[in-house]
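Residue strings, one per chain:
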Amino acid sequence: MSLVERQDMMNEDSVVWTGGMGTASDYLALLKPRVMSLVIFTAFVGLMLAPGTLHPVLAGVAILCIAVGAGASGALNMWYDADIDEVMSRTKKRPIPAGKVTREEAFTFGMTLSIGSVLLLGLMVNWFAGAFLAFTIFFYVVIYTMWLKRSTPQNIVIGGAAGAFPPMVGWASVTGSISLESFILFLIIFMWTPPHFWALALFKSGDYRAAGVPMLPVVAGETNTRHQILLYSVFLAPIGVAPYFLGFASPVYGVASALLGLAFVALAVDVWRKREGDVARTATVRLFKFSIFYLFMLFALLLGESLVAGVLA
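Residues numbered from 1 in each chain as written. Predicted model: local features only at pLDDT ≥ 70, side-chain atom pairs only at ≥ 80, totals over all residues. Heavy atoms only, no water.

Attention now goes to the overall build of the protein chain. Counting its secondary structure elements, the protein chain contains 16 helices and zero strands. Over its C-alpha atoms the protein chain spans a radius of gyration of 22 Å, differing by no more than 12% from the 20 Å that the globule rule assigns to 313 residues. Long-range pairs, those at least 24 residues apart, make up 73% of the contacts in the protein chain between residues at least 6 apart in sequence. When the accessible area of the protein chain is evaluated, it comes to approximately 14,700 Å², of which 69% is carbon and sulfur surface. For the protein chain, the distance from the average site of its 20 positive side-chain charges to the average site of its 18 negative ones is 9 Å. (Helix = DSSP H or I, 4+ residues; strand = E, 2+ residues; numbered from the N terminus. Rg over C-alpha atoms; globule rule 2.2 N^0.38 Å. Contact = heavy atoms within 4.5 Å. Areas by Shrake-Rupley, 256 points an atom, 1.4 Å probe, with all protein chains shown as cover. Lys, Arg positive; Asp, Glu negative; His and termini not counted. Charge placed at Lys NZ, Arg CZ, Asp CG, Glu CD.)

For the structure on display, the rule yields eight salt bridges. Residue Asp81 is joined to Lys149 by a salt bridge in which the shortest nitrogen-to-oxygen separation is 2.7 Å. Taken together, the residues span a long stretch of sequence, with Asp81 in the loop between helix H4 (56–80) and helix H5 (82–85) and Lys149 in the loop between helix H7 (127–147) and helix H8 (155–159) at a distance of 68 residues. The pair Asp81 / Lys149 is uniform in exposure class, with both members buried. (Salt bridge = Lys/Arg side-chain N within 4 Å of Asp/Glu carboxyl O. Buried < 20%, exposed > 50% of the residue type's maximum accessible area, 1.4 Å probe, protein only.)

This part covers the packing of helix H3 (residues 33–49) against helix H10 (residues 166–175). Where H3 contacts H10, the two axes come as close as 7 Å, and the packing angle between them is 40°. For H3 against H10, the interelement crossing comes out right-handed. Touching Val39, Thr42, Ala43, Gly46, Leu47 and Leu49 of H3 are Pro166, Pro167, Gly170, Trp171 and Val174, all from H10. Here the contact of H3 with H10 is built from residues that sort into eight nonpolar, three polar and no charged. (Axes fitted to C-alpha atoms, helices over the stretch in contact; angles between N-to-C directions. Left-handed = near helix turned anticlockwise from the far one by under 90°. Nonpolar A, V, L, I, M, F, W, Y, C, P; charged D, E, K, R; others polar.)

Even without being glycine, Lys32 reaches a positive phi, approximately 55°. Secondary-structure assignment places Lys32 in the loop between helix H2 (24–30) and H3.

This next bit is on a nonpolar patch on the surface. On the surface, a cluster of nonpolar side chains totalling about 740 Å² of accessible area is made up of Phe107, Met111, Ile115, Leu119, Leu120, Leu123, Met124 and Trp127. Counting residues per element, the nonpolar patch draws most heavily on helix H6 (residues 103–124), which supplies seven residues. Topologically, Phe107 is positioned in helix H6. A relative accessible area of 34% places Phe107 in the partly exposed class. (Patch = residues over 30% accessible without salt bridge, like charges linked within 9 Å, V, L, I, M, F, W, Y side chains within 5 Å.)

Counting 95 residues, the largest nonpolar core has Leu121, Ile188, Trp198, Tyr294 and Phe299 as its most contacted members. In contact with Ile188, not counting residues within four places along its chain, are Leu236, Ile239, Gly240, Pro243, Tyr253, Leu295, Leu298 and Phe299. (Core = buried A, V, L, I, M, F, W, Y, C linked by side-chain atoms within 4.5 Å.)

In this section: the packing of helix H11 (residues 180–203) against helix H14 (residues 222–245). Two elements in contact, H11 and H14, have axes separated by 9 Å at closest approach and are oriented at 155°. Judged by the angle between their axes, H11 and H14 are roughly antiparallel. Helix-helix and strand crossings are classified by hand; for H11 and H14 the assignment is left-handed. In the contact of H11 with H14, the residues fall into 17 nonpolar, four polar and two charged. (Parallel < 35°, antiparallel > 145°, perpendicular 65-115°, else oblique.)

The share of residues in the protein chain with pLDDT of 70 or more is 93%, and the mean pLDDT across the chain is 91. Segment residues 1–16: pLDDT under 50, and two contacts once partners within four positions in sequence are set aside and those in other chains are kept. (pLDDT = per-residue confidence, 0-100.)

Looking now at H6. Between its terminal C-alpha atoms H6 stretches 31 Å, which fits the 32 Å expected from 22 residues at 1.5 Å a residue. Among the residues making up H6, those that are buried are Glu105, Ala106, Gly110, Ser114, Ser117, Val118, Leu121 and Gly122. (Expected span 1.5 Å × (residues − 1).)

With that settled, consider the side chain of Lys32. Of the buried charged residues, Lys32 lacks a salt bridge, with Asp81 as the closest side chain of opposite charge at 6.3 Å. Among the polar contacts made by the side chain of Lys32, one reaches the side chain of Tyr140 at a distance of 3.2 Å. In contact with Lys32, not counting residues within four places along its chain, are Gly74, Asn77, Met78, Arg94 and Tyr140. (Polar contact = N/O pair within 3.5 Å; in protein donor to acceptor, adjacent residues only side chain to side chain.)

With that out of the way, let us pick up the environment of Glu105. If you trace the backbone, Glu105 turns up in helix H6. Glu105 sits in the buried class, given a relative accessible area of 18%. Taking the C-alpha atoms as reference, Glu105 lies 43 Å from Val265; in sequence the two are 160 residues apart. Reaching out from Glu105, the side chain makes a polar contact with the backbone nitrogen of Thr102 at a distance of 3.0 Å.

So, in structure tokens, the structure goes:
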């Protein structure tokens with residue numbers, strides 16, 4: 001290697017990267033697309049179940065705004081949590097700790113999308129839904145990310161409300177209000193969130209401990225976490241059946257949701273019983289994966305019944 005080539009390499013190594021090089025895929029990653037997909041789905045179900053009608057174009061605008069608002073929340077979450085994302089194996093490849101996007105870029109991106117999604121939803125659909133979306137973003141970024149996540153092991157319990165609001169925002173987009181039915185949709189996700197995330201936290205507790213995040217297994221121990229998972233699962237099962245009892249779902253949904261709830265509780269019992277070694281890890285992973293299937297199936301059944309009712313009307 002020549003002296004000139006060696007000098008060029010030294011100069012390249014000494015360059016301090018200051019941003020502006022993030023690709024479209026990097027900015028897409030800031031939106032947390034997997035989380036966004038769940039938000040879109042549950043918001044769409046809330047919109048479809050709501051009484052009344054909304055022009056298809058406005059319905060599309062509403063779902064787009066809710067999706068963008070959720071993505072904006074994810075970007076602002078990554079902006080604030082860049083320090084702990086760098087420590088955790090699950091998050092260290094995110095755009096900011098990976099050096100692809102700066103914190104300042106992520107903040108600007110998130111704030112721009114937040115303001116734009118709220119204003120568009122308010123102007124095009126209705127201001128109640130716009131205000132509700134603004135509150136949802138505020139709750140996730142400020143209440144959960146900035147306050148609860150680093151201060152209390154109940155972070156997921158209280159902060160989980162942010163992920164449970166989308167079906168209510170979808171409902172409000174049609175009706176300009178909320179109702180008992182939309183609250184039940186909220187409550188299903190709200191009660192589902194703790195066992196879902198605590199199952200993840202059980203086999204990722206080392207990450208949270210290294211990052212200093214007071215997740216329940218780190219603060220209260222794995223045994224207590226297993227008790228809490230079982231408790232919330234027992235409460236969740238009947239709430240999942242509530243749409244049938246309240247009359248906005250059919251007996252088919254009632255039977256299916258009851259069976260899914262029993263399976264959820266059975267897996268939670270398995271997590272409670274198996275506390276050491278590979279069998280314990282397998283049990284927690286199985287519950288975590290099934291919890292995703294459980295929530296998807298409940299909302300898919302509700303959506304399917306809504307579509308069938310619309311065809312037959």
